[in-house]
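One letter stands for each residue in the lines below.
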Number of protein chains: 2
Amino acid sequence: MRKPVDIPALAASLKAGERRALARAITLVESGRADHRADALALLDALGNDRQALRIGLSGTPGVGKSTFIEAFGLFLVEKGLKVAVLAVDPSSARSGGSILGDKTRMEHLSRHPQAFIRPSPSQAQMGGVARRTREAIALCEAAGYDVVLIETVGVGQSETMVAEMCDLFTLLLAPAGGDELQGVKRGIMEIADIILVNKADGDLKSQATRTCADYAGALRLLRKRPQDPESFPKAMTVSAYEGRGLPEAWDEMTALADWRKDHGHFAGRRAEQARYWFHEEVRLQLLERLQRDPVLAATLEAEETKLINGESTPTVAAANVLASFAGGTR
Amino acid sequence: MRKPVDIPALAASLKAGERRALARAITLVESGRADHRADALALLDALGNDRQALRIGLSGTPGVGKSTFIEAFGLFLVEKGLKVAVLAVDPSSARSGGSILGDKTRMEHLSRHPQAFIRPSPSQAQMGGVARRTREAIALCEAAGYDVVLIETVGVGQSETMVAEMCDLFTLLLAPAGGDELQGVKRGIMEIADIILVNKADGDLKSQATRTCADYAGALRLLRKRPQDPESFPKAMTVSAYEGRGLPEAWDEMTALADWRKDHGHFAGRRAEQARYWFHEEVRLQLLERLQRDPVLAATLEAEETKLINGESTPTVAAANVLASFAGGTR
Ligand SMILES: Nc1nc2c(ncn2[C@@H]2O[C@H](COP(=O)(O)OP(=O)(O)OP(=O)(O)O)[C@@H](O)[C@H]2O)c(=O)[nH]1
Ligand SMILES: Nc1nc2c(ncn2[C@@H]2O[C@H](COP(=O)(O)OP(=O)(O)OP(=O)(O)O)[C@@H](O)[C@H]2O)c(=O)[nH]1
Ligand SMILES: [Mg+2]
Ligand SMILES: [Mg+2]
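Residues numbered from 1 in each chain as written. Chains lettered and ligands numbered in written order. Predicted model: local features only at pLDDT ≥ 70, side-chain atom pairs only at ≥ 80, totals over all residues. Heavy atoms only, no water.

1. Here we look at the overall build of chain A
Part 1 of the argument: Scanning chain A for helices and strands turns up 15 helices and 7 strands.
Part 2 of the argument: Across the 331 residues that make up chain A, the buried fraction comes to 55%.
Part 3 of the argument: By sequence separation, contacts in chain A at least 24 residues apart represent 78% of the contacts at least 6 residues apart.
Part 4 of the argument: Here chain A has roughly 14,100 Å² of accessible surface; of this, 53% comes from carbon and sulfur atoms. (Helix = DSSP H or I, 4+ residues; strand = E, 2+ residues; numbered from the N terminus. Buried < 20%, exposed > 50% of the residue type's maximum accessible area, 1.4 Å probe, protein only. Contact = heavy atoms within 4.5 Å. Areas by Shrake-Rupley, 256 points an atom, 1.4 Å probe, with all protein chains shown as cover.)

2. Some words on the packing of helix H14 (residues 266–293) of chain B against helix H15 (residues 295–309) of chain B
All names here are of chain B.
Part 1 of the argument: Interaxial distance between H14 and H15 falls to 5 Å at its minimum, and their mutual angle equals 95 degrees. Put simply, H14 runs roughly perpendicular to H15. Of the residues in H15, those touching H14 at Leu291, Gln292 and Arg293 are Pro295, Leu297, Ala298 and Leu301.
Part 2 of the argument: In terms of residue class, the contact of H14 with H15 is made up of 5 nonpolar, 1 polar and 1 charged. (Axes fitted to C-alpha atoms, helices over the stretch in contact; angles between N-to-C directions. Parallel < 35°, antiparallel > 145°, perpendicular 65-115°, else oblique. Nonpolar A, V, L, I, M, F, W, Y, C, P; charged D, E, K, R; others polar.)

3. Remarks on the sheet that holds strand E6 (residues 195–198) of chain B
All names here are of chain B.
Part 1 of the argument: Spatially, E3-E2-E4-E1-E5-E6-E7 is the arrangement adopted by the 7 strands of the open sheet, whose pairing is parallel. If you trace the sheet from one side to the other, it starts and ends with strand E3 (116–119) and strand E7 (235–238), each paired once. If you compare each strand with its neighbour and ignore which way they point, the axes differ by 20 degrees on average.
Part 2 of the argument: Relative to E6, strand E5 (residues 169–174) is paired through 4 bridges, and the arrangement is parallel. By the bridge assignment for E6, Leu172 is matched with Ile196. (Pairing = 2+ DSSP bridges.)

4. Thoughts on the packing of helix H15 (residues 315–325) of chain A against H14 of chain B
Part 1 of the argument: Where H15 of chain A contacts H14 of chain B, the two axes come as close as 8 Å, and the packing angle between them is 50 degrees. Viewed along their axes, H15 of chain A and H14 of chain B adopt a mutual orientation that is oblique. For H15 of chain A against H14 of chain B, the interelement crossing comes out right-handed. In this structure, H15 of chain A uses Pro315, Thr316, Ala318, Ala319, Ala320, Val322, Leu323 and Ala324 of chain A to contact H14 of chain B, whose residues at the interface are Ala275, Trp278, Phe279, Glu282, Val283, Gln286, Leu287 and Arg290 of chain B.
Part 2 of the argument: The class makeup of the residues in the contact of H15 of chain A with H14 of chain B is 12 nonpolar, 2 polar and 2 charged. (Left-handed = near helix turned anticlockwise from the far one by under 90°.)

5. Describing the site of ligand 1
All names here are of chain A.
Part 1 of the argument: Lys66, Thr68, Asp202, Ala241 and Tyr242 are the nearest of the 17 residues found near ligand 1.
Part 2 of the argument: Between ligand 1 and the protein, one listed contact pairs an oxygen atom with a backbone N or O atom of Val64 at 3.4 Å.
Part 3 of the argument: About the coverage of ligand 1: the protein hides 81% of its 650 Å² of free accessible area.
Part 4 of the argument: A total of 3 residues in the shell around ligand 1 trace back to one element, the largest contributor, which is helix H4 (residues 66–79).
Part 5 of the argument: Of the residues contributing to the shell around ligand 1, the split by class is 5 nonpolar, 8 polar and 4 charged. (Near = heavy atom within 4 Å. Polar contact = N/O pair within 3.5 Å; in protein donor to acceptor, adjacent residues only side chain to side chain.)

6. What about the site of ligand 2?
Residue and element names in this part refer to chain B.
Part 1 of the argument: Taken together, 17 residues sit near ligand 2, with Lys66, Thr68, Arg106, Asp202 and Tyr242 positioned nearest.
Part 2 of the argument: Between an oxygen atom of ligand 2 and a main-chain N or O atom of Gly63, the distance comes to 3.0 Å.
Part 3 of the argument: Note that an oxygen atom of ligand 2 is positioned 2.8 Å from one of the backbone N or O atoms of Ala241.
Part 4 of the argument: The fraction of the free accessible surface of ligand 2 (650 Å²) that becomes covered by protein chains is 82%.
Part 5 of the argument: If one sorts the elements of the shell around ligand 2 by residue count, helix H4 (residues 66–79) sits on top with 3 residues.
Part 6 of the argument: Residues that form the shell around ligand 2 fall into these classes: 5 nonpolar, 8 polar and 4 charged.

7. As for the sheet that holds strand E6 (residues 195–198) of chain A
All names here are of chain A.
Part 1 of the argument: Spatial strand order, E3-E2-E4-E1-E5-E6-E7: 7 strands in an open sheet with parallel pairing. Whereas interior strands pair on both sides, the edge strands pair on one side only; in this sheet they are strand E3 (116–119) and strand E7 (235–238). Taken over all neighbouring pairs, the strand axes of this sheet differ in orientation by 20 degrees on average, direction set aside.
Part 2 of the argument: Of the strand pairs in this sheet, strand E2 (residues 84–89) and strand E4 (residues 148–153) are connected by 6 bridges, and their pairing is parallel. Among the inter-strand pairings, Ala88 is bridged to a residue of E4, identified as Glu152.
Part 3 of the argument: The strands touched by H4 within the sheet are strand E1 (54–59), E2, E3, E4, strand E5 (169–174) and E6, with E4 carrying the most contacts at an inclination of about 175 degrees.

8. Here we look at helix H1 (residues 7–15) of chain B
The periodicity of an α-helix, 3.6 residues per turn, causes residues three or four positions apart to be oriented the same way.
Residue and element names in this part refer to chain B.
Part 1 of the argument: Looking only at H1, the buried set comprises Ile7, Leu10, Ala11 and Leu14. Angularly, the buried residues of H1 cover 100 degrees about the axis, an arc narrow enough to put them on a single face.
Part 2 of the argument: The distance from a side-chain oxygen at the start of H1 to the backbone nitrogen of Ala9 is 3.3 Å, and the residue carrying that oxygen is Asp6.
Part 3 of the argument: Immediately beyond the C-terminal end of H1, within one or two residues, lies Gly17, with a positive phi of roughly 90 degrees. (Arc of directions from axis to C-beta.)

9. So, the pairing of E7 of chain A
All names here are of chain A.
Part 1 of the argument: Taking every second residue as pointing to the same face, both faces of E7 are buried, with Lys235 and Met237 on one and Ala236 and Thr238 on the other.
Part 2 of the argument: Two elements, E6 and E7, share 4 bridges in a ladder whose sense is parallel. Within the sheet, the bridge partner assigned to Val198 lies in E7 and is Thr238.

10. Focus: unusual backbone geometry
Residue and element names in this part refer to chain A.
Part 1 of the argument: Along the chain, Phe233 connects to Pro234 via a cis peptide bond; the corresponding omega equals -10 degrees.
Part 2 of the argument: With respect to the helices and strands, Pro234 occurs in the loop between helix H11 (206–222) and E7.
Part 3 of the argument: At Ser232, a position not held by glycine, the phi torsion is positive, near 75 degrees.
Part 4 of the argument: Note on placement: Ser232 falls in the loop between H11 and E7.

11. Re the packing of aromatic side chains
Residues and elements named next belong to chain A.
Part 1 of the argument: Counted according to the given criterion, the structure contains 10 aromatic pairs over all chains.
Part 2 of the argument: Geometrically, the ring pair formed by Phe117 and Tyr146 is tilted, given 6.2 Å between the ring centres and 50 degrees between the ring planes. Of this pair, Phe117 sits in strand E3 while Tyr146 sits in the loop between helix H8 (127–143) and E4, and the two are 29 residues apart along the sequence. For the pair shown, Phe117 and Tyr146 are each scored as buried.
Part 3 of the argument: When the centroid spacing of 4.8 Å and the interplanar angle of 85 degrees are considered together, the rings of Tyr277 and Trp278 count as edge-to-face.
Part 4 of the argument: Residue Tyr277 is classed as partly exposed on the basis of its relative accessible area of 36%.
Part 5 of the argument: Assessed through its relative accessible area of 6%, Trp278 is described here as buried.
Part 6 of the argument: A network of ring pairs unites the aromatic residues Phe69, Phe73, Phe76 and Trp251 as a single cluster.
Part 7 of the argument: Sitting above the plane of the Tyr146 ring, Lys83 keeps its charged end 4.4 Å from the centroid.
Part 8 of the argument: A cation over a ring is seen here: Lys235 above Phe233, with NZ or CZ 4.8 Å from the ring centre. (Phe/Tyr/Trp six-rings, centres within 6.5 Å; stacked < 30°, edge-to-face > 60°. Lys NZ or Arg CZ within 6 Å of the ring centre and 35° of its normal.)

Right under this line is the structure:
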């Protein structure tokens, strides 16, 4: 027998800012079990949607300094009196073993700070599930009173686009690099980044970081201006997570951009667009889940899948046959 | 009134290898119109699934030399007597204006060769649609008698993972780079690449290309061996699309890898896995399409979307409400 979850009580504790309630709620939305899903849905419904945090996406290749930056930047924010939540998205963690241990040591002070909440990426994670989990975890952090939600991703496969679809601002962390470095950054990422931070601008790497930053600033100027940006955005800056250099400036730019977008209707507009996008994804996902729960449809699904795997059908045709067997149920 | 498509005649012309029939069929699968979709489904069903081409994915950042490489490599293959189809996947082409004009001039000889067929990326493209279109276009090229299907992508967002899910082999094209170049390649891409080709190994860039290739070869050795790979794969090689250097060697490695996988059951196994994956994607997509065609459900969908956009709901809750109104139709 399942242990029933007292949803109103959990919602109340979460709204009161209890970290354990938040952690438990995130565990609930991460679960694939049908009864947990029902509880998660009830919880989200109970919490409503009336508090907003600033959602900041942070992406960068392994080793660029994401964890170190978040430790420094997060501490800077909590010292300003803000409550900071950190969520990690790493679809590859199942494969590579993850870097959670490394993160625990690199975010040592932030993880112990009472105004901060850090949640690593769950281990077994499919893309559809990761997106849902992250989106719902953001909503939970907002309801729990966090002011800033940082969503970190290593940017494997489609994870950057996914995170960008959930954030108000998207930040790309880069390392100082040689002459050819512009090649290494994908065109699509330059297009979704609002602020590029060239990290490790310290010691021997300082002048190289400055040059790299200038190169990116030049490249950004070549991109067409987007309607949701004021003049001078997207922009590139140098920071040093080690020395804490550039963190106040980065925060100033982030808030300036968010304020401009709020004043010009782009902030709410972007959230509405994102909500619509995820709504359609959710409809798809929930339809598929229901299909898999119906024994008759699940059997058809399996039969078509077998034909397909034996090379006797194609995905489009097999799917159409499943849908045809679904036809009795709708107009 | 719509002009009816004579499906059996189109299928016969396509199987006879008529390029115009293939072009027309691809236009059909690219269309979003419901009647075109029905025709596309009938065509795919009529064509069956009994011919296989070698499907090779080719990815690389802008400017790395994909178009130049495909021109040279494609000509090398047609001169061996093979029929070569080239499909392009560029989800960003709508935004950036595309590089189709550039490609026409860079694939000048290949595009005029009777054994070759080149199809640029359609302009207005959403990710779900791009995947379906590309997958179905591959099936059409196979039915039309092509021996090799090259699927090119610039690798924006999730397009590389998507293309890798449709290919027998995945090739990553890189340019010679400075000391920090390994940073630039995303971990996820190293993991899906079967063969890395360092292009531009000519003139002044030759020694740099050799060094870059050695760096990647070293990095690849650090990755865990995958069950679907023989010893020494994934591997890195240098090529020059300009001088045609390394193309026969690259082809030898590709066929060696494909043959090994065929002998060890991994070729068919991978295709079966991919078919299952796309089958599930198609079921989702077709369910959503049906939902949007049903007037009652479409109205609920719209009402929930409006609430959502006004910030009165969340995607998970709104989707659950749509699904609840769908409940009468199924068990
Ligand atoms: N010089 C210098 N080194 C830094 C800085 N920030 C991080 N590093 C170093 O860069 C390396 C990687 O830092 P991490 O914070 O673990 O990088 P990451 O992006 O989180 O890496 P993954 O978790 O593997 O994706 C470590 O050795 C850090 O000490 C910085 O500001 N300056
Ligand atoms: N030296 C040298 N230059 C090359 C080679 N192949 C391509 N190039 C040059 O690199 C530049 C880019 O080549 P493209 O073939 O257009 O590159 P692409 O990857 O198709 O670029 P996009 O279509 O923009 O994504 C051109 O100036 C080519 O002439 C090569 O083998 N050697
Ligand atoms: Mg880290
Ligand atoms: Mg090109």
